[in-house]
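# Per-entry structural report
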Amino acid sequence: MKFAVSNKMAGMKPSAVREILKLTADPAFIPFSAGNPSTEAFPEEQIKAFTEEILTENPIAALQYSVSEGYPPLREVLRDFCDRRYHVVTDQDEVLIMSGAQQGIELTCKCLCNEGDVVVCEEPSFVGALNSFRSCGAKLAGVPMDEDGINIDKLEQVLKTTPNAKLLYLIPNFQNPSGITMSLEKRKAVLALAKKYDVVILEDNPYGDLRFTGEPVPAIKSLDTEGRVIYCGSFSKVLSPGLRVGYLVCHKDIASKIVIGKQCSDVHTAILNQMICHKFLTEMDYDQHIARLQGIYRERAQLMLRLCDEYFPQGVTHTVPEGGLFVWVTLPNDMDCMELVLAAKDRMVAVVPGNSFLCDDTRKCSSVRMNYSTPSKQRIEEGMKILGEVLHDIVK
């Protein structure tokens, strides 16, 4: 049988990142292409104990249907947690539990954008979000990045000339894929432009607690006084991505529509997983756990950055992240990154081509994304030496 695929999905392509991850299932590959937490980061014993306790003491609640908004005790604890830690919750906001931050991103676009409306994004930006926006029938408009975040002048130009821009998607902390952190000045300027041109900001912050150098910068939502910012958080990078628990903090008027969208999608996020996250927040020392993760990623990031400087030829540049999981490496002379991607693949090192993170992924790109959280320190040493040799061969 020949299937007639819907117009929304006909032009969709698989995520380049997920496809490259299939390669790295081969343990011989050095996986600089991944975005997974370190295997050292998981509190395995605590999760095992939490699960056993839940299924012993309260099995029916964990196995039965529940409310779409999320497990009530988790929502209550998260509300207080987000208020104290990030200052992103007001009396007008609701906290909604999502099946991963990815679902929060998709439902936000689904509820706010009609087909043909425009989502304005940093460029480069997270490919999972870009594909979610595309699947909703939205158009994408990319705005280039500076060293301290999105270019404000070019952002205003896009907003001024795009009357059907409805949503501005941003990753202010240790951005995926660039590793860049947006300055406070730019966060204020972005919010002012959103007000001026009447667009909603979707602030995606999956990496915010993984800062290993520098000082924290206030969330954009913490500066918002009118409910214009939707804040998206996740347990994936601080607890476990496999649990698929994320959350949105948003004004109650849009929250009610997002709940309806979620009911059409998955009814509710897995309750057992939410109960585990609730115990994580209430029974573990969160600050101690985060400090341990920061130590792991600080060490690996510093190693990768030092080896970039040691092994890479002159003209190859890279970002210097203050946290998160990624380094953005750029080749000189407008070279095509695919030359590096393919040559590295032949040497069993996987990196992600930068065009995967562009609004138009058919454009040539000179950059690649590299991840330091997944490989061990020994594998980072091995892979960076190989990449250095490859780069010396192809950079003229």
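How each quantity is defined
Residues numbered from 1 in each chain as written. Predicted model: local features only at pLDDT ≥ 70, side-chain atom pairs only at ≥ 80, totals over all residues. Heavy atoms only, no water. Helix = DSSP H or I, 4+ residues; strand = E, 2+ residues; numbered from the N terminus. Contact = heavy atoms within 4.5 Å. Core = buried A, V, L, I, M, F, W, Y, C linked by side-chain atoms within 4.5 Å. Buried < 20%, exposed > 50% of the residue type's maximum accessible area, 1.4 Å probe, protein only. Phe/Tyr/Trp six-rings, centres within 6.5 Å; stacked < 30°, edge-to-face > 60°. 1 Å grid on protein atoms, 1.4 Å probe; cavity = no way out; pocket = protein on both sides within 12 Å on 5 of 7 lines; lining within 4 Å. Points joined across faces, edges and corners; volume = space filled by probe spheres on them. Nonpolar A, V, L, I, M, F, W, Y, C, P; charged D, E, K, R; others polar.

## A short note on unusual backbone geometry
With an omega of 10°, the peptide bond between Glu123 and Pro124 qualifies as cis. In this fold, Pro124 is placed in the loop between β3 (118–123) and α7 (127–135). The amide bond that connects Asn176 to the next residue, Pro177, takes the cis arrangement and shows omega of 20°. Residue position: Pro177 is located in the loop between β6 (165–170) and α9 (184–197). For Arg244, which is not a glycine, the phi torsion comes out positive at approximately 55°. Summarising the element assignment, Arg244 is placed in the loop between β8 (229–234) and β9 (246–251).

## A closer look at the side chain of Ser183
The residue Ser183 is located in the loop between β6 and α9 in this model. The contact partners of Ser183, leaving out residues within four places of it in the chain, are Asp148 and Val217.

## Observations concerning the nonpolar core
Nonpolar side chains in soluble globular proteins tend to end up buried together. Phe32, Leu78, Phe133, Phe235, Met384 and Leu387 are the most contacted members of the largest nonpolar core, which has 106 residues in total. Broken down by element, this core gets its largest block of residues, 11 residues, from helix α12 (residues 286–311). With residues near it in sequence (within four places) discarded, Phe235 still touches Leu74, Leu78, Ser240, Val245, Tyr247, Cys277, Phe280 and Leu281. Counting residues in each nonpolar core, the second largest holds 21 residues, with Val120, Met182, Leu191 and Val229 among its members.

## Side note on the packing of aromatic side chains
Across all of its chains, the model carries 10 aromatic pairs by this definition. For the pair Phe235 and Phe280, a centre-to-centre distance of 6.3 Å together with 75° between the ring planes defines the contact as edge-to-face. Of this pair, Phe235 sits in the loop between β8 and β9 while Phe280 sits in helix α11 (residues 271–283), placing them 45 residues apart in sequence. With respect to burial, Phe235 and Phe280 carry one shared label: buried. Here Trp328 and Phe357 contribute two aromatic rings whose centre-to-centre distance is 6.0 Å and whose plane-to-plane angle is 80°, an arrangement assigned as edge-to-face. Note that Trp328 is positioned in strand β11 (residues 326–330) and Phe357 in the loop between β13 (352–353) and β14 (367–371), a separation of 29 residues in sequence. One exposure class covers both Trp328 and Phe357, and it is buried. An aromatic cluster of at least three residues, connected via ring pairs, comprises Phe81, Tyr86, Tyr231, Phe235, Tyr247, Phe280 and Tyr286.

## Quick notes on empty space enclosed by the protein
Across all of its chains, the model carries two cavities of 30 Å³ or more by this definition. Here the largest cavity defines a volume of roughly 130 Å³. Lining the largest cavity we find 13 residues, and of these Tyr86, Asp209, Ser234, Tyr247 and Tyr286 sit closest to its centre. If you list the elements that add at least two residues to the lining of the largest cavity, you get α5 (72–86) and β8. Ranked by residues supplied to the lining of the largest cavity, first place goes to α5 with three residues. In terms of residue class, the lining of the largest cavity is built from nine nonpolar, three polar and one charged. Approximately 30 Å³ is the volume found for the second largest cavity. What lines the second largest cavity is simply Pro37, Ala41, Phe42, Ser236, Lys237, Val238, Leu239, Ser240, Pro241 and Leu293.

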